[in-house]
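An overview of the molecular structure
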Amino acid sequence: MNDLTLFQLALGLEEPWYVSSSTFDVDKKRLDIRIDFKPGSVFRCPHCGREGVKAYDTTEMTWRHLNFFQHEAYLTARVPRISCSECGVVKLQSFPWARRESGFTLLFEAMIMAMAKSMPVKSIAAIIGEHDTRIWRIINHYVEEAREREDHSAVTMVGVDETSSKRGHNYVTLFVDLAVSKVLFATEGKDASTVKRFREDLVGHKGKPESIKEFCSDMSGAFIKGVNDNFADAQLTFDKFHIMQVINNAVDEVRRQEQNERPELKKSRYLWLRNQSNLKASQRDRLAELSLPKMNLKTARAYRIRLAFQEFFEQPPALAEVFLRKWYFWATHSRLQPMKEAAYTIKRHWSGILRWFTSRINNGVLEGINSLVQAAKARARGYRTNRYLINMIYLINGKLNFSLPI
Ligand SMILES: [Zn+2]
């Protein structure tokens with residue numbers, strides 16, 4: 001076996017293709033492998049599929065291939081153009097080692113896709129010595145092609161939330177299949193139209209809007225309107241974490257208002273917001289002291305209302321609404337304006353809050369995906385365009401099947 005046969009096997013070349021030469025340039029750290037086809041070979045018309053067509057002329061093309069140890073490797077081939085007598089088309093013959101429009105071999109692209117899941121594109125570009133736009137072109141191609149083949153017909157439970165895309169008020173909204181924890185769709189903005197676009201994308205991937213029975217979101221008017229307008233068969237559950245956030249913000253507001261006249265509240269913010277199990281012993285002692293009835297703190301009263309609300313989620317389903325009604329009465333009669341307002345917010349979202357006792361869904365998986373997205377964004381120091389960000393979200397969290405050789 002000579003080195004040409006070896007390269008031929010390594011590249012998986014089949015008739016009529018063969019390796020005609022290889023040149024190894026030690027100074028340039030470069031390996032060049034030339035591929036050719038046997039004279040008189042016949043091909044299949046890439047347009048109509050007719051067999052036995054001869055080459056009309058040839059054109060020379062070069063692709064970057066996987067490094068050969070520390071040496072950059074390139075394939076160069078004489079690619080035939082076919083002139084088909086059947087359909088009359090003159091077309092470049094396809095070749096098994098690369099995509100038509102790419103300057104990289106399939107194996108090289110497969111390596112880049114594997115790296116891109118865990119490394120910033122700029123670092124990959126630096127390692128392989130290519131401009132990062134060439135890397136993005138590969139990522140965009142495979143992600144968008146894999147998404148076209150996606151089948152969303154089995155989706156029934158969807159969680160929606162936004163994530164920040166750039167500094168300031170730029171957002172991308174994510175739609176996640178809560179049953180399998182994967183991003184179904186990501187789109188710019190965080191208004192009601194994002195839900196409309198999700199519906200269109202779902203239909204474009206064999207999904208049926210009427211199959212979506214459960215939606216989970218925060219209490220923002222945009223998502224509520226979007227779900228009501230586009231998913232008439234879906235029940236909306238408000239995400240636990242976001243509901244607790246409304247209550248926590250109200251407790252914090254009571255503390256902020258009170259601490260001017262009650263200096264002992266200074267630097268106590270986290271005592272009231274964190275769960276007791278996450279506090280140090282000294283913090284727990286201080287919290288217990290501040291909570292004593294003789295201290296007569298409004299913040300402590302607000303805190304007790306918050307603790308009671310947490311217990312709401314522990315109730316047996318049959319008693320949940322009774323519990324919530326009692327809690328609402330307490331909060332609205334607390335004479336603590338922020339707590340009253342939080343209670344009114346709960347009241348306005350009543351059925352979606354109670355829905356949790358039936359659906360048992362929350363957006364915890366979205367919080368996890370969100371932090372992966374933000375970590376990738378930080379590593380990359382931001383993305384030049386939202387298309388890059390969105391494709392990176394699909395690459396990392398979309399569980400896509402790529403049509404790659406490995
Ligand atoms: Zn043809």
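Nothing here was measured: the structure is a model prediction, and the numbers come from that model. (Residues numbered from 1 in each chain as written. Predicted model: local features only at pLDDT ≥ 70, side-chain atom pairs only at ≥ 80, totals over all residues. Heavy atoms only, no water.)

Within the protein one finds 16 helices and 11 strands. What you see for the protein is a C-alpha radius of gyration of 30 Å, clearly larger than the 22 Å of a compact globule of 406 residues, by over 25%. Overall size of the protein, expressed as C-alpha extent along the three principal axes, is 100 × 50 × 35 Å. The contacts of the protein with a sequence gap of at least 6 include a subset with a gap of at least 24, amounting to 56%. (Helix = DSSP H or I, 4+ residues; strand = E, 2+ residues; numbered from the N terminus. Rg over C-alpha atoms; globule rule 2.2 N^0.38 Å. Contact = heavy atoms within 4.5 Å.)

Attention shifts here to unusual backbone geometry. Residue Glu-15 is joined to Pro-16 through a cis peptide bond whose omega torsion reads 5°. Of note, Ser-181 is a non-glycine position whose phi angle comes to about 55°, a positive value.

In a beta sheet, neighbouring strands pair by backbone hydrogen bonds and run either parallel or antiparallel. Read across the sheet, five strands follow the order E9-E8-E7-E10-E11 without closing on themselves; strand pairing throughout is mixed. Only two strands of the sheet have a single neighbouring strand rather than two, namely strand E9 (182-188) and strand E11 (235-238). Between one strand axis and the next, the sheet turns through 30° on average, direction left out of account. Note: strand E10 (residues 214-217) against E11, four bridges, orientation parallel. The residue bridging Phe-215 from the neighbouring strand is Leu-236, located in E11. (Pairing = 2+ DSSP bridges. Axes fitted to C-alpha atoms, helices over the stretch in contact; angles between N-to-C directions.)

This paragraph deals with the coordination of the zinc ion. Ligation of the zinc ion by protein atoms is provided by Cys-45 (SG), Cys-48 (SG), Cys-84 (SG) and Cys-87 (SG), these donors lying 2.3 Å from the ion. Classification of the site at the zinc ion rests on its four donor atoms, whose angles at the metal span 106 to 117°, yielding the label tetrahedral. Here the donor residues of the zinc ion share one chain and are spaced in sequence as C-x2-C-x35-C-x2-C. Of this pair, Cys-48 sits in the loop between strand E3 (42-43) and strand E4 (53-68) while Cys-87 sits in the loop between strand E5 (71-83) and strand E6 (90-92), placing them 39 residues apart in sequence. (Donors = N, O, S within 2.8 Å, 3.2 Å for Na, K, Ca; no water. Tetrahedral: all angles 85-135°; square planar, octahedral: opposite > 155°, others 65-115°.)

For the pair helix H10 (residues 298-312) and helix H11 (residues 317-332), interaxial distance at closest approach is 10 Å and the crossing angle is 170°. Comparing their axes, H11 and H10 come out roughly antiparallel. Contacts from Arg-304, Ile-305, Ala-308, Phe-309, Glu-311 and Phe-312 in H10 reach Ala-320, Phe-323, Leu-324, Trp-327, Trp-330 and Ala-331 in H11. Residues of the contact of H10 with H11, tallied by class, amount to 10 nonpolar, no polar and two charged. (Parallel < 35°, antiparallel > 145°, perpendicular 65-115°, else oblique. Nonpolar A, V, L, I, M, F, W, Y, C, P; charged D, E, K, R; others polar.)

This paragraph deals with the pairing of strand E1 (residues 17-25). Here E1 runs beside strand E2 (residues 30-37); their pairing, made up of eight bridges, is antiparallel. Opposite Trp-17, over in E2, you have Phe-37 as the bridge partner. Counted along the chain from E1 to the antiparallel partner E2, the turn is four residues long, and its residue Lys-29 has a positive phi close to 50°.

Turning next to the nonpolar core. Most often, soluble globular proteins have nonpolar side chains that are buried together. In this structure, Ile-139, Phe-215, Phe-309, Phe-312 and Trp-327 are the most contacted members of the largest nonpolar core, which totals 99 residues. Setting aside residues no more than four positions away along its own chain, Trp-327 makes contact with Ile-247, Ile-305, Ala-308, Phe-309, Ala-343 and Ile-346. By size, the runner-up hydrophobic cluster in this structure holds 24 residues, among which are Phe-7, Leu-31, Ile-33 and Phe-95. (Core = buried A, V, L, I, M, F, W, Y, C linked by side-chain atoms within 4.5 Å. Buried < 20%, exposed > 50% of the residue type's maximum accessible area, 1.4 Å probe, protein only.)

So, about the side chain of His-71. Residue placement: His-71 occurs in strand E5. Each residue touching His-71, except ones within four places of it in the same chain, is listed here: Phe-24, Lys-29 and Arg-30.

Bringing the domain arrangement of the protein into the picture now. Here the protein is partitioned into domain 1 (1-97) and domain 2 (240-359). The C-alpha-based centres of domain 1 and domain 2 are spaced at 70 Å. (Domains from an automatic or database assignment.)

Take H10 next. It helps to recall that an α-helix has 3.6 residues per turn; residues three or four apart then point in one direction. Look at H10: 22 Å from first C-alpha to last across 15 residues, which is about the 21 Å you get at 1.5 Å a residue. Considered for burial, the residues of H10 that qualify are Thr-299, Ala-300, Ala-302, Tyr-303, Ile-305, Arg-306, Ala-308, Phe-309 and Phe-312. (Expected span 1.5 Å × (residues − 1).)

There is a patch of nonpolar side chains on the surface, built from Phe-24, Val-26, Phe-68 and Phe-69 and spanning about 450 Å² of accessible area. By the element assignment, Val-26 lies in the loop between E1 and E2. (Patch = residues over 30% accessible without salt bridge, like charges linked within 9 Å, V, L, I, M, F, W, Y side chains within 5 Å. Areas by Shrake-Rupley, 256 points an atom, 1.4 Å probe, with all protein chains shown as cover. Salt bridge = Lys/Arg side-chain N within 4 Å of Asp/Glu carboxyl O.)

The next subject is helix H3 (residues 121-128). Val-121, Ile-124, Ala-125 and Ile-128 are the residues of H3 that are buried. Along H3, the residues classed as buried sweep out an arc of 100° about the axis, all on the same side. Facing away from the buried side of H3 by over 90 degrees, the exposed positions are Lys-122, Ala-126 and Ile-127. (Arc of directions from axis to C-beta.)

When you tally the buried positions in E9, you get six out of seven residues, the bulk of the element. As judged from the six bridges shared by strand E8 (residues 170-177) and E9, these two strands associate in the antiparallel manner. Bridging from a neighbouring strand, Asp-177 pairs with Lys-182 of E9. Hairpin geometry of E8 and E9 is characterised by an intervening segment of four residues between the two adjacent antiparallel strands and by a positive phi of about 55° at Ser-181.

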